[in-house]
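Structural overview
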Amino acid sequence: MTNTQIISGKDIATHLLETKLVPRVNTLKEKGITPKLVVILVGDHPASASYVRQKEKFADKCGIIAETWRYEAEVTEKKILEEIERINKDKEIHGVIVQLPLPDHISIQKVLNTIHPSKDVDGFTPNNIGELFLGEPTLQCCTPKGIITMIKESGHELSGKNVTVIGRSNIVGKPVAMLALNESATVTICHSRTKNLNEHLEKSDIIIVAVGIPEFLKGDQIPAGAVVIDVGIHRKDDGKLCGDVEFESAVEVAGAISPVPGGVGPMTVYSLIENTIESAERN
Ligand code: NAP
């Protein structure tokens, strides 16, 4: 038995939904505005369908509209770009996301370049990524934003702390590093070419793991008392879910750790709905 704090993203998201989001939605509704999110879903990827259901469920609890617009895997890129243009012009729609992955014949970059930044509730467009790097208020990428929210809401300060991010993807590693920097943390970004990863980890107060390798980080790599945020999500051969951290060994040494499932995943969905409300408030 350890005294390690389990940072439940599920509980934090539920608490913030009731105390922060629902009142904001009610204020908008009093003004005749109901926030609306459109999710573009192409093809029948089973994981995507499950992620979309989670988003619809959370939106419903919040009292906002979430519509999923479904397209056959063979749909043309032109048709998807036209649909986004239509959404850009529709004043009743406050946010749009395109569920990834997309079929190979549809360019993710072209899709992102077509979404108007004010409706980009995933925070992936070059404009919004640029604002995030400048530390300006913007619609921030959902997983990084959710990670920072869960660290703060679970009582951990970022300012002055040594934060190590493992992974440098455009959707998690780089933006979460920049958000932590904006919170005045001292940030180290590690990746597949990093030499002596453990030397970087030794000095860390907070470790954010986004490598996409099941149970990559083990307990003996974690300094005693560190906060560990596990971004990864994988299905093991026995059907159970696991993260990028070996939970059983990590929980013995960490001061706090986010579980998988029930950690970063619900915080990502929370941030998406929060961004949709923010977009409705701004527009
Ligand atoms: P990604 O694009 O595959 O990036 C993985 C990163 O890990 C890369 O930067 C890579 O370095 C680095 N890496 C790979 N092997 C490494 C090693 N041995 N040592 C150190 N770094 C290494 O993955 P991602 O999109 O960021 O996602 C990461 C994980 O988070 C995945 O499991 C994904 O499913 C999960 N995820 C979860 C959520 C959620 O809401 N819960 C959201 C997004 C992603 P290089 O750049 O050098 O190749």
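These remarks concern the structure in this document.

Calculation rules
Residues numbered from 1 in each chain as written. Predicted model: local features only at pLDDT ≥ 70, side-chain atom pairs only at ≥ 80, totals over all residues. Heavy atoms only, no water. Helix = DSSP H or I, 4+ residues; strand = E, 2+ residues; numbered from the N terminus. Rg over C-alpha atoms; globule rule 2.2 N^0.38 Å. Buried < 20%, exposed > 50% of the residue type's maximum accessible area, 1.4 Å probe, protein only. Contact = heavy atoms within 4.5 Å. Areas by Shrake-Rupley, 256 points an atom, 1.4 Å probe, with all protein chains shown as cover. Lys, Arg positive; Asp, Glu negative; His and termini not counted. Charge placed at Lys NZ, Arg CZ, Asp CG, Glu CD. Near = heavy atom within 4 Å. Polar contact = N/O pair within 3.5 Å; in protein donor to acceptor, adjacent residues only side chain to side chain. Nonpolar A, V, L, I, M, F, W, Y, C, P; charged D, E, K, R; others polar.

1. Brief notes about the overall build of the protein
Along its length, the protein carries 10 helices and 11 strands. Compactness check: the protein gives a C-alpha radius of gyration of 19 Å against a globular reference of 19 Å for 283 residues, within 12% of the reference. Seen along its three principal axes, the alpha-carbon backbone of the protein occupies a region of about 50 × 45 × 40 Å. Scored against the burial criterion, the 283 residues of the protein give a buried share of 49%. Residue pairs in contact within the protein that sit at least 24 positions apart in sequence constitute 72% of those at least 6 positions apart. Summed over all atoms, the accessible surface of the protein reaches about 13,800 Å², with 50% contributed by carbon and sulfur. The protein carries 31 positive and 38 negative side-chain charges, and their two centres are separated by 3 Å.

2. A word on the site of the ligand
In the neighbourhood of the ligand, 22 residues make up the surrounding shell, with R168, S169, S192, V231 and T268 lying closest. Separating an oxygen atom of the ligand from a side-chain N or O atom of S192 is a distance of 2.5 Å. T268 has a polar side-chain atom sitting 2.8 Å from an oxygen atom of the ligand. Surface burial for the ligand is 68%, taken as the share of its 940 Å² of free accessible area covered by protein chains. Per element, the largest residue contribution to the shell around the ligand is three residues, and it comes from helix α10 (residues 264-282). The residue inventory of the shell around the ligand, partitioned by class, reads 10 nonpolar, 10 polar and two charged.

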